[in-house]
Every structure is written in C-alpha cells, then in structure tokens.
Amino acid sequence: MSLKPFLLLLVTFWAAGTHAAPAPFDLTGPTIEVVVTRGKQILPIAEVPNLATGDKVWIKADLPSTQSVNYLLVVAFLSGPTNPPPESWFTPCKTWTGKCAHDGLTVTVPAGAQQVIVFLAPATGGDFNTLVSAVRGRPGAFVRTSQDLNQAGLDRSRLQRYLTTIRTLDQTNPAQLKDVAPLLARSLAIRVDEKCLDRIPQLQAPCLMSGQESLILSDGHSMSLVEALASSPGYDLLMEVSSSPQAGYGFYSPYINSVVDLARILDSFSTAQYQYIPALSSAQGSKMALTLNAAPSFHSPRSVLVTALPAVEKPQLPPMHAVAPEEIYCASQSNLVLPVEGAPLVFATDFAHDITLTVTGSDGKAIHLPARADGTQGGYVIDTARLKGANLGETVRASLRGYWGFEPYAGPGFQLRNTHTKEWTLAPNDGDALLVGRTETVHLRADSVSCIDNILLKDPAGKELRAEWKRTKPGEVEVKLPLQGAAPGPVTLLINQYGGNTPVPLSIQTFANVGRLDGFTLYAGDTLGVLKGSRLDEVTQLDIGGVVFLPHELATPRGGDTLTMRAQDSAAAIALQPDRAAAASVRLKDGRNVRLAALIEAPRPRVGLIAKSVTAPASGTGAIVLGGDDALPLGAMLTFSLRAQVPAAFAREQSIEVATADAGFSTLLNLGNGGLRLENSKVAVATLDPAKAFGSSAFGPLQFRAVVNGVAGDWQPLTTLVRLPTLKDLKCPASADLACRLSGTDLFLIAAVSGAPGFESSAEVPDGFPATSLPVPRPVAGKLYLKLRDDPTVIHPVALEVIVQPPTAD
C-alpha cells in the first residue's frame, strides 16, 4: 500500500475526529546548509546525531537566485516543555539582504538548551515578534514538534534507504533480491514478507515495497500500524501504538503517527496572519533538503516552514553488535564482510563516520583498515589490502572504531585468522562407505575453516567438479560430493583458500554402488515393517512366507538407510506370527535376490476407547457456549475409559500417551503418576488435566496410544483441545450502520466473529491480536457467534447481552 491510499484509509477510521488526515511529505521545499563546530572539529549536519552546549552552528538558507519572496530565517533554542525560552535565544536572519544573506548565520548553543527549531517565514512587518510570542507562549508544543520532526526524519531515512536499494536492484539485478532483501531488512530493522521472496524475480520488488507504512519495525514486539488499524479503528489506538518500546537505536514511533501529531500541534497555532507547516529534513553532507506536506501560502494566513535540528542531549552511541560473535573471519579475504546488527541508523544515516577496522599485529602495531557500512551485505565491508605483507599472528583480534558524530566510538570486536596450510581430515566414519552413483555428504575438519574460497572434486581422470559446501560449526564444513557419474576408486578434494597459492588436497576413497542389508523388523499384526542397511533405493520388494512388502518411505540418516515397507496383502501380513528368525528374500533392481533373516516381534499394544466426559473448569467457560460435542477447554478435566485389547489385560508398566497431533506436546498417564486407574484388569479410567500436562500453548486435536516397555501402539483420536478467550461485554452504537465492539482478554484466540449463526458475514481477527477490544459485526438476532483458532470448524454462540450505547454529539 502506498502512503496516499493509507492516509485515505486513516481518514475513514478517524471520521469522529475534528482534524483532517495530513497529506504525505512529497513536496520539495527549500534547502538549508548547516555546519556544526565543536572545539576544533567541524562536521556537516549529516554527520551530527546530537548537539551539545557550546556548539557553534552555522546556518544558511540555500534559496534559488530567482526567489521572489523574501524569507526570514529564525533559529530558536528551547529548554523543555515547561520553560519558555528567553528572547535572547531567538536569532533572525534576513536571507535576502545584508551580511546574513551572503555569509549565513552562526549561533552558539546556550547552556540549558534542549531543542533547536528553525523557522522560514515570509517577511512581513512583525513576523519575528509573532514567532517569538508563539514559541514562548506554548514552548511544549514546539518541543513536541522538534521531537516528532527528528523522529519522523530518522524513520523516513531507514525507509527511503530500503526502498531506494530495492528499486535499484530491481532495475539492475532482480535475481539478487532473494539474497539481499533479508540482509538489508535486518540491517535497517525493516520487516520483509518472506512470501515475496518465493515469487519470480520480476515480481519480488513490487511485493517487497508494498505496505510501506508497516515496514518500519521495532524489535518485533509491537504491531505494525497497518495491523493495528485493521484490527481496531480509531486514533486512540494509533496513539497507543506510537508509545511502543524503543527499537535498539532509532526509536519506534510509526512514521505516520508523527505526521498526525505534527498536523494537530501546528494547526492549533493557525492565526489570521500565519499558519505553520512542518518540514521533514533529509541531510546529505552540509545540506538539509526540506520536504513539505502542504503547499506554502503567500496570502494570509501566510505559511511558516518549521523544521528541527538534532536535539541538544548526551550522545546515544549505537548498540551495534556482531551477528555471530563466536565466528572466526578470514583476514586474507579481499572484501571481508563483518555482519553486524542492532543499529539501523548506522546503515541509514552518516552519523557513524570515519569507521575503520583496527587490527593489531604480532609486533604490536595497529593497522587501520577502511570499513564501509553496506546494508545489502548485512554489515561492514572491510578492505584488507593493507594486510598484505603485514606481520600478523595466526589469530588476531580486531574491532570497529570511528566516530558517532563528534564522539569517539568503539564498536564490536571480531576474531580474524590468516590463511595457512592446514591439516584437513574427514569426520569419523564419513569415509567408510562413500558410494558412487549419487550425491554423498562428508564433513571436513580443521582448526579453522573461515578462509575457504571453494572446494573442488577431482576424479582419477583429472576432471574437476565444484562441490557445494557450508559451515556447520567452528572448525567443520559440510561438503556435498557430486558422485553421480564417478567411477569407484580414489578421488581428491581440492580445498582452495583466500590468499593461498595452491589448493590443499585431501584424498578419499569411493566404492561401487552395492547396497548392504542389515535386517527387517515387523510387529505381528502390522502391515508396515522397517528394512535397515545402505543403498536401499536399490530394493524393489521383500518376501516373507509369500507375503510381499513394497517400498513405502526411504530415509537416509547418518550411519545407513531406513526403508519403511508396506504389505501388498494387509490381511496376510496381519496373520504373520511372531518369529525371531523368519526367512525373507530381498529383490534388488538389478534382478538379484538376497536372503535375509527377518524379525517378527510380538504385537504392539492396543487399547479401545469406551467413553469420555469433560468436567468444566471451576470458572466455567464464560460467555462462550461451546458448540459441538468434542471440545475440551483448557482448564477442564478429561476423563476417558479404555478397554485392553493387546495384551488382553493392563500391565503395571503400561502407560497411555496423550499428545497433540504434531507431537509437540505429550504426556504419559500410568498407575505410578495417578493418571491411570484400574477398574479391573481389562478396563482402566484415565484422567487428563491438559493445562497441567501441556501448559497454555497446546491446542488442537489430541490423540492417544498405549505404550508397554517402550513399544508404542498406533495413535487414535481422542478430543480437540481449545483455549478460550475471556469475554467482558458487547457494546453497539445506536446506529445500525456502525459496527459493535467486543471487549475481553486473550482475543487473539478468536479466529473470526459473525453476527449470524450461519456465519454468512464475518470479520477475521488478525494473527497475534494483542488488544482488549475489537470491532465486530452487529448481531442479527441479538446474539454473536465466533470461531476459535484452535478449532475453526466449529461455530460457538456468545451469551452476552448487547449493550446499546446512546448516540454521541458527532
């Protein structure tokens, strides 16, 4: 969604307010040059995150020579919302005549100042005094304006850097978007819809740039603005979202919320002579380009442009940290990337400048390597050319250093290692059975693997193939060996490293494509058995006493293959009796038959469900009347009875396992823990407290099975576990055209709400909805209906009376 349609949406939701939604900042305004001097150091405004008492600020309006309207530039210092600034803190500058027009204006930050506001006002009689009176009369309003302008500018800088980069890649190399977008988003704290990266390259960029208002994120604990508006209309919610926690460095206040605040604050100062227009600044070097959201007026009321300089405050150094502090990086890599995160303004602004990677050699001399922040690579790119010929040890420590504005900045540290000849070995057992004809996986080990450039596989004929590889942990890489067309015998891995002159060879042995059969296991009464061995993809069938089993599912864990096989004739397979050494025959694809001893174990345990009942929680189910007959509320008690089938009587060591459908939560009920009680040897009664057994995050279908001595039976359906929100009240406006509002807690447990029992018209509840009220359709017959996330197939009525609210003055 672009910004303009979003603002139209905001107008719809904010219809009860008295202020119109502001227009986007898309009008080019004037440019102001700003340079800051602190002591002997001079910085352009783009490199200044904060001002300090005593700073000398040089300001000059960069107006075109064809400027027909004279602007008065006024610099005002503020000292908090409750302390009107003295008149001496206001400095005017006639931009059209005199020394100020040619040389600019220099002001010194006075002691006690906290904010700096810059005004550009059309020159008229009494304009300066009017501005001074307005600011001194309501300093708090201009303090808030300064804060919002600075914050909106920081948020916008991150968003613009993201959008500009995505557009550039879309035009030059769209195939890179899939790899670059996640790194760029991590660097700038921008949310990326991962589904966009699954599209074809030509459609990725438009998807990644959609919904711009929801892209700027905090640390992930706050809703985006679009999500908030979709789930609860109203300006109050907008203000609530704006008070979310800080996001590392670069506060989280939704960009649009700052715009709304600015419009409301400055609109209150409108007089017959003047109206105030906020101007967002974008700094490049010493120039601040101003962007407006309203066209200036040169008739009464004339427009006064308002912008802000950085706040006068203590420096807040960016909390930047290494993405992988334990990682060892290669000092020999020409363009070394050191991944960092936690400080999006490092990538979006020039506040961090003159950054270098300081490396200390074994001789104690420090080497400063140029470092450049690059969000597309997710960190700082280091030019390591100066390290050639340097006297470095095998492993050295290095750290990012530079300046954050005027303040020296010490960033995160990293461990670097030089390329040197290493002894490479295969992980134990990796080279025992490398078979040709397919891709094999091995693990190479060395004291450091950070300097690997590429790995090649060389066969006896001298043909070289590139092998895929990845680091799995310090000192180890996983290598995929392309052995599909290789002949049995020795092959050589060639390990090329950054800065190395010749590859390091490692010889390994490959074998003919001959499978190994270890054994077949079947439980009596089952139709599925498991064959273990190697190269089981060559198996076509297995025969036990005339019962044929065919391949069903192949798995290849470390140490061998596992092939699950299904019987062609289920009845014949069920009739097989336990046998510790049943004769079996395995047929391979090449036509060979291999004899094998199969193991037919005793039948797996099995029980039957007799009946079940639910005891409601002490607090009841609240206003929700549970529909259907298979719902188990979290907090209720489930009692169910079972009849033993295999074996024919319950054993003391027998347990009943109850789990969710995905096996994410499970518990065992047995005689020892009191979860299972015997009526007699054949019938048992089980009691399940789901809240105690699973906690508050389990939900959905539950299943159970019998377990005896570690052998588990088949899963059987039991019930459906649902979590219930607590509903407080249902309030509806007097007008039938307006939606109602449902209040309560844990409303995210609701999937959808409807005013009709057939759910003809419903409202979806957004994922992760955190608020305590949400808009819902007006009940058709005085009753509301809902579907729960834990079981969205069942409709539940809500036993809440509709509270009709009287019409408001609006």
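Note: the structure precedes this text.
As the structure is a computational prediction, the values presented were derived from the model and not from experiment. (Residues numbered from 1 in each chain as written. Predicted model: local features only at pLDDT ≥ 70, side-chain atom pairs only at ≥ 80, totals over all residues. Heavy atoms only, no water.)

A.B. asks: Looking at this structure, I do not really get the state of the cysteines. What am I missing?
C.D. replies: Among covalent bonds in proteins, the disulfide is the one between the sulfur atoms of two cysteines. According to the stated counting rule, one finds 3 disulfides in the structure shown. Between Cys 330 and Cys 451 runs a disulfide, and the two sulfur atoms are separated by 2.0 Å. A torsion of 100° about the S-S bond marks the disulfide between Cys 330 and Cys 451 as right-handed. Here Cys 330, found in strand S12 (residues 328-330), pairs with Cys 451, found in the loop between strand S20 (439-445) and strand S21 (452-458); they are 121 residues apart in sequence, far enough to count as distant. Disulfide pairing places Cys 732 opposite Cys 740 at an S-S distance of 1.9 Å. What sets the handedness of the Cys 732 and Cys 740 disulfide is the S-S torsion sign, and at about 110° it is right-handed. As far as burial versus exposure is concerned, Cys 732 and Cys 740 are alike and both buried. (Disulfide = S-S within 2.5 Å. Helix = DSSP H or I, 4+ residues; strand = E, 2+ residues; numbered from the N terminus. Buried < 20%, exposed > 50% of the residue type's maximum accessible area, 1.4 Å probe, protein only.)

A.B. asks: Is there a simple way to think about the pairing of strand S17 (residues 395-404) in this case?
C.D. replies: Residues in a regular strand project their side chains so that they alternate between the two faces of the sheet. Pairing of strand S14 (residues 352-360) with S17 involves 6 bridges; the strand directions are antiparallel. If you follow Leu 357 over to S17, its bridge partner there is Leu 400. When S17 meets strand S18 (residues 407-417), the two strands line up antiparallel, connected through 9 bridges. If you follow Arg 397 over to S18, its bridge partner there is Gln 415. Between S17 and S18, which pair antiparallel in sequence order, lie 2 residues; one of them, Gly 405, sits at a positive phi of approximately 65°. (Pairing = 2+ DSSP bridges.)

A.B. asks: Before we go on, may I ask you to explain helix H3 (residues 127-137) in this structure?
C.D. replies: Residues spaced three or four apart along an α-helix face the same direction, because each turn holds 3.6 residues. Within the span of H3, buried status applies to Asp 127, Leu 131, Val 132, Ala 134 and Val 135. For H3, the angular spread of the buried residues around the axis is 165°, confining them to a single face. Exposed side of H3, more than 90 degrees from the buried face: Asn 129 and Gly 137 are the residues found there. Tucked into the core, H3 has its buried residues touching strand S4 (71-78), strand S5 (90-94), strand S7 (115-122), helix H4 (139-172), strand S8 (274-284) and strand S10 (302-309). (Arc of directions from axis to C-beta. Contact = heavy atoms within 4.5 Å.)

A.B. asks: What is the right way to read the sheet that holds strand S44 (residues 740-745) from this model?
C.D. replies: By way of backbone hydrogen bonds, the strands of a sheet pair with one another, either parallel or antiparallel. An order of S47-S44-S43-S50 is seen for the 4 strands of this open sheet, with the pairing classed as mixed. A single partner strand is all that each edge strand has here, and the edge strands are strand S47 (773-776) and strand S50 (802-805). The average undirected angle you get between the axes of adjacent strands in this sheet is 30°. Sheet topology note: the strand S43 (residues 726-733)/S50 ladder contains 4 bridges and is parallel. Paired with Pro 733 across the bridge in S50 is Gln 805. (Axes fitted to C-alpha atoms, helices over the stretch in contact; angles between N-to-C directions.)

A.B. asks: Is there a simple way to think about the side chain of Asp 729 in this case?
C.D. replies: Tracing the backbone through its elements, the reader meets Asp 729 in strand S43. Sequence-distant contacts of Asp 729, defined by excluding residues within four places in its chain, comprise Arg 741, Leu 742, Ser 743, Leu 800 and Ile 803.

A.B. asks: Even after reading the chapter, I still don't get the sheet that holds strand S32 (residues 593-601), so can you show me in this structure?
C.D. replies: Around the barrel, which closes on itself, the 7 strands sit in the order S26-S27-S30-S29-S28-S31-S32 with mixed pairing between neighbours. The mean inter-strand angle of the sheet, taken between neighbouring strand axes irrespective of direction, is 35°. Note that strand S28 (residues 539-544) and strand S29 (residues 547-555) share 3 bridges and pair antiparallel. Paired with Ile 544 across the strands is Val 547, a residue of S29.

A.B. asks: Which parts of the structure should I look at to understand helix H5 (residues 177-188)?
C.D. replies: For H5, spanning 12 residues, the distance from its first C-alpha to its last is 15 Å, which sits close to the expected 16 Å at 1.5 Å a residue. Residues of H5 that are buried: Leu 177, Val 180, Ala 181, Leu 184, Ala 185, Ser 187 and Leu 188. Down the axis of H5, the smallest arc covering the buried residues is 160°, so these residues share one side. Backbone geometry just downstream of H5 places Ala 189 in the positive-phi region, at approximately 55°. (Expected span 1.5 Å × (residues − 1).)

A.B. asks: Any chance you could explain the pattern of salt bridges here in plain terms?
C.D. replies: On inspection of all chains with the given rule, the structure shows 22 salt bridges. Taking the shortest distance from any N to any O, the salt bridge between Asp 767 and Arg 789 comes out at 3.1 Å. Of this pair, Asp 767 sits in the loop between strand S46 (762-764) and S47 while Arg 789 sits in the loop between strand S48 (784-788) and strand S49 (791-798), and the two are 22 residues apart along the sequence. A relative accessible area of 68% means that Asp 767 is categorised as exposed. The class for Arg 789 is partly exposed, based on a relative accessible area of 26%. (Salt bridge = Lys/Arg side-chain N within 4 Å of Asp/Glu carboxyl O.)

A.B. asks: Honestly, the side chain of Thr 720 in this entry has me stumped. Any pointers?
C.D. replies: For Thr 720, the location among the structural elements is in strand S42 (residues 716-722). A relative accessible area of 10% means that Thr 720 is categorised as buried. Beyond its immediate stretch of four places on either side in the chain, Thr 720 contacts Asp 630, Ala 631, Leu 632, Gly 700, Pro 701, Asp 790 and Asp 791.

A.B. asks: How should unusual backbone geometry be read in this particular structure?
C.D. replies: Peptide bonds are mostly trans, and most non-glycine residues show a negative phi. The omega torsion of the bond from Ser 300 to Pro 301 falls at -5°, within 30 degrees of zero and hence cis. Cis geometry is adopted by the peptide bond preceding Pro 647, which originates at Val 646 and carries an omega value of -10°. Along the polypeptide, Pro 647 turns up in the loop between strand S35 (637-646) and strand S36 (654-660). The backbone phi angle of Ala 189 is positive, close to 55°, even though this residue is not glycine. Here Ala 189 is to be found in the loop between H5 and helix H6 (201-208). Within the chain, Asn 709 stands out as a residue other than glycine whose phi angle is a positive 55°. If you trace the backbone, Asn 709 turns up in the loop between strand S40 (700-708) and strand S41 (711-712).

A.B. asks: Before we go on, may I ask you to explain the environment of Ala 467 in this structure?
C.D. replies: Position of Ala 467 relative to the elements: it lies in strand S22 (residues 464-473). Ala 467 sits 12 residues away from Val 479 along the chain, and the two C-alpha atoms are 6.6 Å apart. The residues touching Ala 467, leaving out its near neighbours within four places in the chain, are Ile 455, Val 479, Lys 480 and Pro 482.

A.B. asks: Help me understand the packing of aromatic side chains, please; the structure alone is not making it clear to me.
C.D. replies: By the definition in use, this model includes 8 aromatic pairs. Measuring from centroid to centroid gives 5.6 Å for Phe 351 and Trp 404, while their planes differ by 80°, and the two rings are edge-to-face. Of the two residues, Phe 351 is situated in the loop between helix H10 (344-348) and S14 and Trp 404 in strand S17; the sequence distance between them amounts to 53 residues. A network of ring pairs unites the aromatic residues Phe 119, Phe 142 and Tyr 276 as a single cluster. Between the NZ or CZ atom of Lys 787 and the centre of the ring of Phe 759, over which it lies, the distance is 4.6 Å. (Phe/Tyr/Trp six-rings, centres within 6.5 Å; stacked < 30°, edge-to-face > 60°. Lys NZ or Arg CZ within 6 Å of the ring centre and 35° of its normal.)

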